[in-house]
Number of protein chains: 2
Amino acid sequence: MDLNALRVFERVAATGSFTAAAQHFHRAVSSVSRQIRGLEESVGQPLLYRHTRAVTLTEAGWRYYEEVRDILERLDMATEALNQPHAEPSGVLRINAPVAFGQRQIVPLLHRFQCRFPSIKAELQLNDRVVDPVREGHDITFRVGNLSDSSLVARQLAPMNYVVAASPGYLARHGTPETPEALSEHDCLIYQGELGRQRWYFQRGDAAKEAAYELDGSLASNDAESLLRAALLGQGLVMFPTWLIAEELSKGALVALLETWRGEVMPGRRELYVLTPERRLRALKVRAFMDYLFETVSPTPPWDRWQEELQS
Amino acid sequence: MDLNALRVFERVAATGSFTAAAQHFHRAVSSVSRQIRGLEESVGQPLLYRHTRAVTLTEAGWRYYEEVRDILERLDMATEALNQPHAEPSGVLRINAPVAFGQRQIVPLLHRFQCRFPSIKAELQLNDRVVDPVREGHDITFRVGNLSDSSLVARQLAPMNYVVAASPGYLARHGTPETPEALSEHDCLIYQGELGRQRWYFQRGDAAKEAAYELDGSLASNDAESLLRAALLGQGLVMFPTWLIAEELSKGALVALLETWRGEVMPGRRELYVLTPERRLRALKVRAFMDYLFETVSPTPPWDRWQEELQS
DNA sequence: AATATTTATTGCGTAAAACGCAACACAATG
DNA sequence: CATTGTGTTGCGTTTTACGCAATAAATATT
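An unreviewed UniProt entry lists chain A under the name LysR substrate-binding domain-containing protein, from Modicisalibacter luteus. UniProt, in its Sequence similarities (unreviewed entry) section for chain A, records the words "Belongs to the LysR transcriptional regulatory family."

Structural data, given as structure tokens:
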């Protein structure tokens, strides 16, 4: 019996897939297959049922998995606890985030973090579908809006702020809308995803409820990046989260509009969350990254600092 | 990090010796040395101080050892728990016993046990000095008399019965002593170990206390086997535990004497104990052997059945 | 119903790791 | 001071793990 085989088994059990476990450990699937086969021989019975496109745990496998998961965790913590107080974080940090947020905010953040701690390596997985962080083996997951996995430790990172914006060229040609009502006279570039066309909502400071505006324009798309490019070319107005267009706002490539109102793309407010599996919260690399992250967004996230920069 | 290295580390920590761990795992000392070095590199600091003729744990090593010991135990138990109800005991059973008892009683018992369970392998270590079963890595330890290790689970196996015996030839030439007092007219072969010459003690059924007899004969030795051989040759009388001479009594090569009295070689009574480390009590191989052992000695140990055999 | 695709298994050759032998270093023991 | 026991390290050999490629099996797609 081999510790490596146990780790492979844990990952196979968590994901239901030899392929996923192979990817996780950067190994060939055949290597995973042999590790599992060897483990089953050493414990004397099958731990997994093999199906066509997945594997599932046998009854014994399930019981063994629960034990092995805890044992591996405990071993890692015992090893971690040996680190001297000044030990530098090291190892592979696995991060998951929505695509656009990851590209624009996590990549530079992570870059600075890794400059500071050169022993850290990272695996950044970006996707917009809801993934299971435990199953995927992520150390840290960024999530927008609703949470649904109670085995994760969720911490609120920052509020999601939306802003309407247009290029200076567009505004020079078409004027600057001063109220949400004025938007109907403008070319609004609308996001149209699986849930249909987004409405824009506005709420003034003291109003009890945001008002919905069903707007239109020359372009609708399910690709935010395309809408952004069109806006930069002066085609129309967009409403996006500040973390998406903070750089363009800072550079003046886009101009924030209707700042007296708070904009949303659906009713209610949402927050940015960061999630970690409960057990891994104390790994040094995870703690270090979380500390760094929360230092970075305090008191104001970098993607919300463009307002301050424009004022100075 | 490797499971094998962790097991090696546990054994080194328990014994304080690379050499002992190497022997335990049937490996070269250099292999143990490298395993430990590799483990220290992977946890990032030394776990052992190297001295000239032993190693000791560092502070971190001690803390790690306590964790690793429990983790390995838990893993073994999780693996053990997977066994199906009808699984046959297998693996290496490590037994320690006093030399003579081991040779005469454990070897045949173990032989029958292994015939019944062919997947069992055994390592039988015999010595008369007091050893530390945890440190030595024994699964089962036989012990006579006093117990002093509270981390072991001790079960009483059987009372120690002593008997005076002589060969038929000796008795034909010198007559049969009918009382302890008559022994002074006989050639008593006395055990003389590190504690000096043994006195023989006798207690009649209803007497409150055993009486001591300081006897003499033509031979005194620290080697019980030699005294026994001399007795078989008709040289004199011996007093030995029944488990030592049960076979000779059964065959009539020696004749039990003074059976109305209970003989001892020191004041008070002693028991035979069998000890197992607390954690290993539930390993299938250990349980199976213990069950077999206690079945064998119930209601009467085989070394005390010669009385019944002579009567039938 | 046929075809394409995905996942896991296994033969085989290669690479990497573990091993043991032997020489050596060091300090305790007699 | 010589001997002895324990641990370290260089080096060659043995063993294990790996990846590639072919294959099997069943699901998804057309």
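Undergrad: Would you mind going over the protein's contact with DNA strand D with me for this structure?
TA: Near DNA strand D you find 22 residues, and of these Thr52 of chain A together with Phe18, Ser33, Arg50 and Arg53 of chain B are the closest. Arg34 of chain B places a polar side-chain atom, nitrogen or oxygen, 3.0 Å from a base nitrogen of DNA strand D. For the surface near DNA strand D, the elements supplying multiple residues, two or more each, are α3 (29-43) of chain A together with α2 (18-25) and α3 (29-43) of chain B. Broken down by element, the surface near DNA strand D gets its largest block of residues, 5 residues, from α3 of chain B. Of the residues in the surface near DNA strand D, the class split is 4 nonpolar, 11 polar and 7 charged.

Undergrad: Help me understand α2 of chain B in this model?
TA: Every α-helix carries 3.6 residues per turn, so stepping three or four residues along brings you back to the same face. Residues and elements named next belong to chain B. If you check which residues of α2 are buried, you get Phe18, Ala21, Ala22 and His24. One face of α2 carries all of its buried residues, which in axial projection span an arc of 160°. Looking at the buried residues of α2, the elements they touch are α1 (3-15), α3, β1 (48-50), β2 (55-57), β3 (91-97) and α6 (133-136). The backbone nitrogen of Thr19 has a side-chain oxygen 3.1 Å away, supplied by the residue at the start of α2, namely Ser17. His26, located one to two residues past α2, shows a positive phi value of around 55°.

Undergrad: What exactly am I supposed to notice about the environment of Val134 of chain A here?
TA: Looking at the secondary structure, you find Val134 of chain A in helix α6 (residues 133-136). Since its relative accessible area comes to 32%, Val134 of chain A is described here as partly exposed.

Undergrad: Help me understand the domain arrangement of chain A, please; the structure alone is not making it clear to me.
TA: In many analyses, interface size is given as the accessible surface area lost on bringing the parts together. All names here are of chain A. Domain annotation for chain A reports domain 1 (3-81), domain 2 (91-160 + 270-311) and domain 3 (162-264). With 13 residues of domain 2 at the interface, the matching set in domain 3 holds 15 residues. For the pair domain 2 and domain 3, the two sides together bury roughly 1300 Å², of which 54% comes from carbon and sulfur. Per-residue buried area on domain 2 facing domain 3 is highest for Arg104, Met160 and Trp306; these three make up 53% of the total on that side. For the pair domain 2 and domain 3, the number of links is 2 salt bridges. Across the pair Glu248 and Arg104 runs a salt bridge, and its minimum N-O distance is 3.5 Å. The tally of links between domain 2 and domain 3 comes to 5 residue pairs in polar contact (both at pLDDT 80 or more). If you list the elements that add at least two residues to the side of domain 2 that touches domain 3, you get α5 (99-116) and α11 (306-311).

Undergrad: Explanation requested: the relation of the copies chain B and chain A in the structure shown.
TA: Copy one and copy two of the chain differ by a rotation about a common axis and a shift along it. Least-squares fitting of chain B to chain A yields an RMSD of 0.1 Å, with the transformation described by 0.0 Å of translation along the axis and a rotation of 180°. Such a combination of rotation and displacement between the chain copies is what one expects of a two-fold axis. Residues of chain B ranked by C-alpha distance from the rotation axis are headed by Leu3 of chain B, positioned 2.4 Å from it. Taken as a fraction of all interface residues of chain B, those also at the interface in chain A reach 100%, which identifies the copy contact as same-surface.

Undergrad: Can you walk me through the protein's contact with DNA strand C in this structure?
TA: Near DNA strand C there are 22 residues, and of these Phe18, Ser33 and Arg50 of chain A together with Ala28 and Thr52 of chain B occur at the shortest range. For DNA strand C, the backbone portion of the atoms within 4 Å of the protein, that is sugar and phosphate, comes to 59%. Interatomic distance of 2.7 Å between a side-chain N/O atom of Thr19 of chain A and a phosphate oxygen of DNA strand C. In this structure, a phosphate oxygen belonging to DNA strand C sits 2.9 Å away from a side-chain N or O atom of Ser31 of chain B. Elements with a contribution of two residues or more to the surface near DNA strand C: α2 (18-25) and α3 of chain A together with α3 of chain B. Sort the elements by how many residues they give to the surface near DNA strand C and α3 of chain A lands first, with 5 residues. Taken together, the residues that form the surface near DNA strand C break down as 4 nonpolar, 11 polar and 7 charged.

Undergrad: Just checking my understanding: could you explain the packing of α1 of chain B against α3 of chain B for this structure?
TA: In a packed pair of helices, the relevant descriptors are the angle between the two axes and the axis-to-axis distance. Residues and elements named next belong to chain B. Where α1 contacts α3, the axes come no closer than 9 Å and their chain directions differ by 105°. Judged on the interaxial angle alone, α3 and α1 are roughly perpendicular. Packed against α1, whose contacting residues are Asn4, Ala5, Leu6, Val8, Phe9 and Val12, the element α3 presents Val32, Gln35, Ile36 and Leu39 at the interface. Of the residues belonging to the contact of α1 with α3, the class tally is 8 nonpolar, 2 polar and no charged.

Undergrad: Whenever I open this one, unusual backbone geometry confuses me. Can you help?
TA: Phi is mostly negative for residues that are not glycine, and the peptide bonds are mostly trans. Between Ser298 of chain A and the following residue, Pro299 of chain A, the backbone shows a cis peptide bond with an omega angle of -10°. Mapped onto the fold, Pro299 of chain A is located in the loop between α10 (284-297) and α11.

The rules behind each value
- Residues numbered from 1 in each chain as written.
- Chains lettered and ligands numbered in written order.
- Predicted model: local features only at pLDDT ≥ 70, side-chain atom pairs only at ≥ 80, totals over all residues.
- Heavy atoms only, no water.
- UniProt positions renumbered as here; feature names shortened; annotations may be inferred.
- Near = heavy atom within 4 Å.
- Polar contact = N/O pair within 3.5 Å; in protein donor to acceptor, adjacent residues only side chain to side chain.
- Helix = DSSP H or I, 4+ residues; strand = E, 2+ residues; numbered from the N terminus.
- Nonpolar A, V, L, I, M, F, W, Y, C, P; charged D, E, K, R; others polar.
- Buried < 20%, exposed > 50% of the residue type's maximum accessible area, 1.4 Å probe, protein only.
- Arc of directions from axis to C-beta.
- Contact = heavy atoms within 4.5 Å.
- Domains from an automatic or database assignment.
- Buried area = accessible area lost by both parts, 1.4 Å probe.
- Salt bridge = Lys/Arg side-chain N within 4 Å of Asp/Glu carboxyl O.
- Least-squares fit on C-alpha atoms with pLDDT ≥ 70 in both.
- Axes fitted to C-alpha atoms, helices over the stretch in contact; angles between N-to-C directions.
- Parallel < 35°, antiparallel > 145°, perpendicular 65-115°, else oblique.

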